[in-house]
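Residue strings, one per chain:
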Amino acid sequence: MGTVGRAVKEAVSGLPREFWWLWTSTLVNRLGGFVVTFLALYLTVERGFSASYAGLVASLYGLGGSVAAVVGGVAADRWGRRATMTAAQVGTAVATAALGFAEHPAAIAAVACLVGFTGNASRPAVQAMIADLVPAADRVRAFSLNYWAINIGFGVSAAVAGLVAAHGYLWLFLGDALATVLCAAVVFLKVPETRPQDGPADDPAVAGRAGKSGGAGVSLLDVLRDGRFVALTGATFLLAVVAQQGSTTLSVDMGAAGLSASQYGLVIGLNGLLIVILQIPVTRLLEGRGRAGLLVVGTLLMGWGFGLTAFAGSAGFYALTVAVWTLGEVVHAPAMMSVVAEMSPARARGRYQGVHSLAWSAAAFLGPAVGGWGLDRWGGGTVWGACAVIGTVAAAGYWLLLRERPAPAGPPLARGAAPAAGRPAAPVLPTAPPPAPKVSDALEVAAAPAIPGVPAGVPADGRGPGADADGAAARPAAPRAGV
């Protein structure tokens, strides 16, 4: 127990207090996240609507979330992280409560779209705020802990929601709304605004890719012109399409294999359980590793984990495949969020996080449809084999985009300096003679009183030509390594 306690302490130590308040608000919000989990069941069982209508409502919920990814990112950069989060969470509470009282099908569909919008509008702000609060060296660990809170809250809320629903589905909506209000209160009272104003300048290489100095005035168009970031988002979209098969195609494939719905529930429930158990120890084990390597390993585990499903025929083997791609998810998710934070200018983090979130929103629309169509047309073996191939392509994309590049060559050797070992000295080209000193300068030097210990011709402050403010000889700036 002492070893485990020490490992947990080291995993959570050293992060700002404001981060932990943000972490607490995330946990509270997810603990009350009843509605999304049970929305389809509520519409079909409690209200008697068809499965197609429930699917339409789910799509509209996802559509609202897709729009919110961009709008929330812009708002986080323009009006502030805390203001965006507070407004989005209060709006979510009101919309969720209204959804519980909505009766007409059109009203339910419209309010569900609004819940999707308000519920997802705060996500870019949360991710941008973590990047603002936490130094780059600790961001993977911070994003891991936040991801851990999300999955703890989801797992507990899914278990509690069944008990709450037994007393009436309206209590699910009201409980969700109350938890969201508490989340907004924690953010408003305990979390400071972190949006950079005149703070430290961004990395010039990062700002240069965004097209603006220091990230100020970066528009969505500037983000889309960042070719390397857009390519990274494209690789994430490929992986997200694969990940979507876990909540849709996997259940159909298990049903075709003769397994029951309860067996599917146990198998897919392993995903959340393993994330809660493994997130902290895996993050501690991989701390200090390169982002590119983590993304490649995590992506390959996810792609090949889904690929293994082609050989599954029993609940135990399906559970093994879920364990493999869940481990990949544990490695990939925090590293990916940290990379997005590092690639974005400080004053445009919300926009970058929002655009990157579109990869998952778009995959939520396309992934289930493509998986179901492929399953009907070619069978499970082809679908799961394609997942392995797509995952490999995404991993290769991450590696090509994020691998370390050689640092640029340093400045030329100073005249008279010794060349590096094994490198021939560059020929010294003739230069023009220095300009002749002015007569007035010579008279000033000659007229200056002599100071003991200071050679003639040196100014009275003791600083020779080319010296800095402390009297030390000026040195050329060291070259920066490439990003």
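Residues numbered from 1 in each chain as written. Predicted model: local features only at pLDDT ≥ 70, side-chain atom pairs only at ≥ 80, totals over all residues. Heavy atoms only, no water.

Engineer: Got a minute to help me understand a nonpolar patch on the surface in this structure?
Structural biologist: On the surface, Leu63, Val67, Val71, Phe365, Leu366 and Val370 cluster together into a nonpolar patch covering about 470 Å² of accessible area. Of all the secondary structure elements, the ones that give two or more residues to the nonpolar patch are helix H4 (51-78) and helix H17 (349-378). Structurally, leucine 63 is set in helix H4. (Patch = residues over 30% accessible without salt bridge, like charges linked within 9 Å, V, L, I, M, F, W, Y side chains within 5 Å. Areas by Shrake-Rupley, 256 points an atom, 1.4 Å probe, with all protein chains shown as cover. Salt bridge = Lys/Arg side-chain N within 4 Å of Asp/Glu carboxyl O. Helix = DSSP H or I, 4+ residues; strand = E, 2+ residues; numbered from the N terminus.)

Engineer: In this structure, what is going on with the environment of methionine 302? I would like to understand it.
Structural biologist: Within the fold, methionine 302 resides in helix H15 (residues 291-307). Separated by 20 residues in the primary sequence, methionine 302 and valine 322 have C-alpha atoms spaced 9.0 Å apart. Discounting chain neighbours no more than four positions away, the residues touching methionine 302 are Leu239, Val242, Ala243, Trp325, Gly328, Glu329 and His332. (Contact = heavy atoms within 4.5 Å.)

Engineer: What is the right way to read the environment of threonine 26 from this model?
Structural biologist: Here threonine 26 lies in helix H2 (residues 17-31). Judged by its relative accessible area of 10%, threonine 26 falls in the buried class. In the structure, threonine 26 is positioned 154 residues away from threonine 180 in sequence and 9.5 Å away in space, judged by C-alpha atoms. Residue contacts for threonine 26: discarding those within four places in its chain leaves Val126, Asn146, Ala149 and Ile150. (Buried < 20%, exposed > 50% of the residue type's maximum accessible area, 1.4 Å probe, protein only.)

Engineer: Could you clarify how one ought to interpret the pattern of salt bridges in this entry?
Structural biologist: Between side chains of opposite charge, a pair can form as their charged atoms come close. Throughout the structure, instances matching the rule amount to 8 salt bridges. Its salt-bridge partner being glutamate 103, residue arginine 47 comes within 3.1 Å of it at the nearest N-O pair. Taken together, the residues arginine 47 in the loop between helix H3 (34-46) and H4 and glutamate 103 in the loop between helix H5 (81-101) and helix H6 (105-121) connect sequence positions 56 residues apart. Put simply, arginine 291 and glutamate 342 hold a salt bridge, and the shortest N to O gap is 2.9 Å. Here arginine 291 is found in helix H15, whereas its partner glutamate 342 is found in helix H16 (residues 315-343), with 51 residues between them in sequence. Glutamate 342 sits in the partly exposed class, given a relative accessible area of 30%. One network of salt bridges, in which partners are shared, links Asp77, Arg81, Asp132, Arg349 and Arg351.

Engineer: It is not clear to me how the packing of aromatic side chains should be interpreted in this structure. Could you clarify?
Structural biologist: Ring pairs (aromatic) are described by centroid distance and by the angle formed between their planes. Overall, the coordinates contain 10 aromatic pairs when judged by the stated rule. Judged by centre distance (5.5 Å) and plane angle (50°), the rings of tyrosine 42 and tyrosine 169 are tilted. Of this pair, tyrosine 42 sits in helix H3 while tyrosine 169 sits in the loop between helix H8 (139-165) and helix H9 (170-190), placing them 127 residues apart in sequence. Comparing tyrosine 42 with tyrosine 169 shows no difference in burial state: the two are buried. An angle of 70° between the planes, with centres 5.0 Å apart, marks the rings of tyrosine 42 and phenylalanine 173 as edge-to-face. Taken as a pair, tyrosine 42 in helix H3 and phenylalanine 173 in helix H9 lie far apart in primary sequence, 131 residues in all. (Phe/Tyr/Trp six-rings, centres within 6.5 Å; stacked < 30°, edge-to-face > 60°.)

Engineer: What am I meant to see in the side chain of threonine 326 here?
Structural biologist: Here threonine 326 shows up in helix H16. Threonine 326 gets classed as buried once you look at its relative accessible area, which sits at 0%. A polar atom in the side chain of threonine 326 sits 2.9 Å from the side chain of asparagine 271. Ignoring anything within four residues of it in the chain, the contact list for threonine 326 reads Asn271, Leu274 and Ile275. (Polar contact = N/O pair within 3.5 Å; in protein donor to acceptor, adjacent residues only side chain to side chain.)

Engineer: In this structure, what is going on with H4? I would like to understand it.
Structural biologist: The α-helix winds at 3.6 residues per turn, so residues separated by three or four positions along the chain end up facing the same way. Here H4 is 28 residues long and its end C-alpha atoms lie 40 Å apart, about the 40 Å a rise of 1.5 Å per residue gives. The largest bend in H4 amounts to roughly 30° and is located at alanine 68. Between a side-chain oxygen at the N-terminus of H4 and the backbone nitrogen of tyrosine 53 the separation is 3.2 Å; the capping residue is serine 50. Glycine 80 sits one or two residues past H4 and shows a positive phi near 115°. (Expected span 1.5 Å × (residues − 1). Bend = angle between axes of the 7 residues up to and from the residue.)

Keep in mind these numbers describe shape, not what the thing actually does.
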